[in-house]
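Chain residues, written in single-letter form:
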Amino acid sequence: AWDHLITQLSGRVLLTQTELRAPQLSLQIDEQPATATAAWTMSDPPHLNASLTLPKSRVTLESTVRPNELVIERAHLALPQSEVDLSGTYGRTSEQPSQFAARGVVELSELTQLPFLPLPALESWRLKGRAEFEAQFRGHLTRWTQGAIRGRLRAEQLSVREIPVEQLSGECEQQAGT
């Protein structure tokens, strides 16, 4: 659920027979300045492209809206030292499973600064260092523990609670239903 306060929203919204477009919106989200763009193309199927820029992050989305799923051609998160790409399908009904693939390079200290996704439990770990990752998920998000999950992580050098770790490589897998 979205529980963030949006204030000071201003900008233009353009409507034609084939498109609803907001070329540049200014707003504040939880008292942080932000800019956003959005374009909803009323084709068959409809397309939604959007971006949100905050002081220390940018999120973009290129997607197609189908009756039972949102097809994410590309979602991109950029932080000062991290880049993450995601693609896949989000099941819009309880019967429709989701499927995602993500990959990127993450500065681990930025995990506690993700926009709209607080992870306070990670703060005490004092993670630092850059890690490359790939991850896949297939299943229902509300029952993610029963989904299929695969992940791979690689880092040349990082630290956990100021303990150095070098040449880390790891994989994990959870088969559906186990």
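Small disclaimer: the values here were computed from a predicted structure and weren't measured.

Honestly, the environment of threonine 16 in this entry has me stumped. Any pointers?
Locating threonine 16 in the fold gives a position in the loop between β2 (14-15) and β3 (19-29). In this structure threonine 16 comes out as partly exposed when scored by relative accessible area, which is 45%. The spacing of threonine 16 and tryptophan 2 is 14 residues in sequence and 29 Å in space, taken between C-alpha atoms.

Looking at this structure, I do not really get the layout of surface pockets. What am I missing?
Over the atoms, a rolled probe matching the size of one water molecule traces out where space is still vacant. By volume, the largest pocket is sized at about 1800 Å³. Lining the largest pocket are 46 residues; nearest its centre among them are Leu77, Val84, Leu86, Leu114 and Leu117. Mapped by element, the contributors of at least two residues to the lining of the largest pocket are β4 (32-41), β5 (47-54), β6 (57-65), β7 (69-78), β8 (83-91), β9 (98-107), β10 (128-139) and β11 (148-160). Among the residues forming the lining of the largest pocket, the class breakdown is 35 nonpolar, seven polar and four charged. Considered as a void within the structure, the second largest pocket measures approximately 220 Å³ in volume. Taken together, His4, Asp30, Gln32, Leu54, Pro55, Lys56, Ser57, Leu79, Gln113, Leu114, Pro115 and Phe116 make up the full set of residues lining the second largest pocket. Of the residues belonging to the lining of the second largest pocket, the class tally is six nonpolar, four polar and two charged.

What counts as what
Residues numbered from 1 in each chain as written. Predicted model: local features only at pLDDT ≥ 70, side-chain atom pairs only at ≥ 80, totals over all residues. Heavy atoms only, no water. Helix = DSSP H or I, 4+ residues; strand = E, 2+ residues; numbered from the N terminus. Buried < 20%, exposed > 50% of the residue type's maximum accessible area, 1.4 Å probe, protein only. 1 Å grid on protein atoms, 1.4 Å probe; cavity = no way out; pocket = protein on both sides within 12 Å on 5 of 7 lines; lining within 4 Å. Points joined across faces, edges and corners; volume = space filled by probe spheres on them. Nonpolar A, V, L, I, M, F, W, Y, C, P; charged D, E, K, R; others polar.

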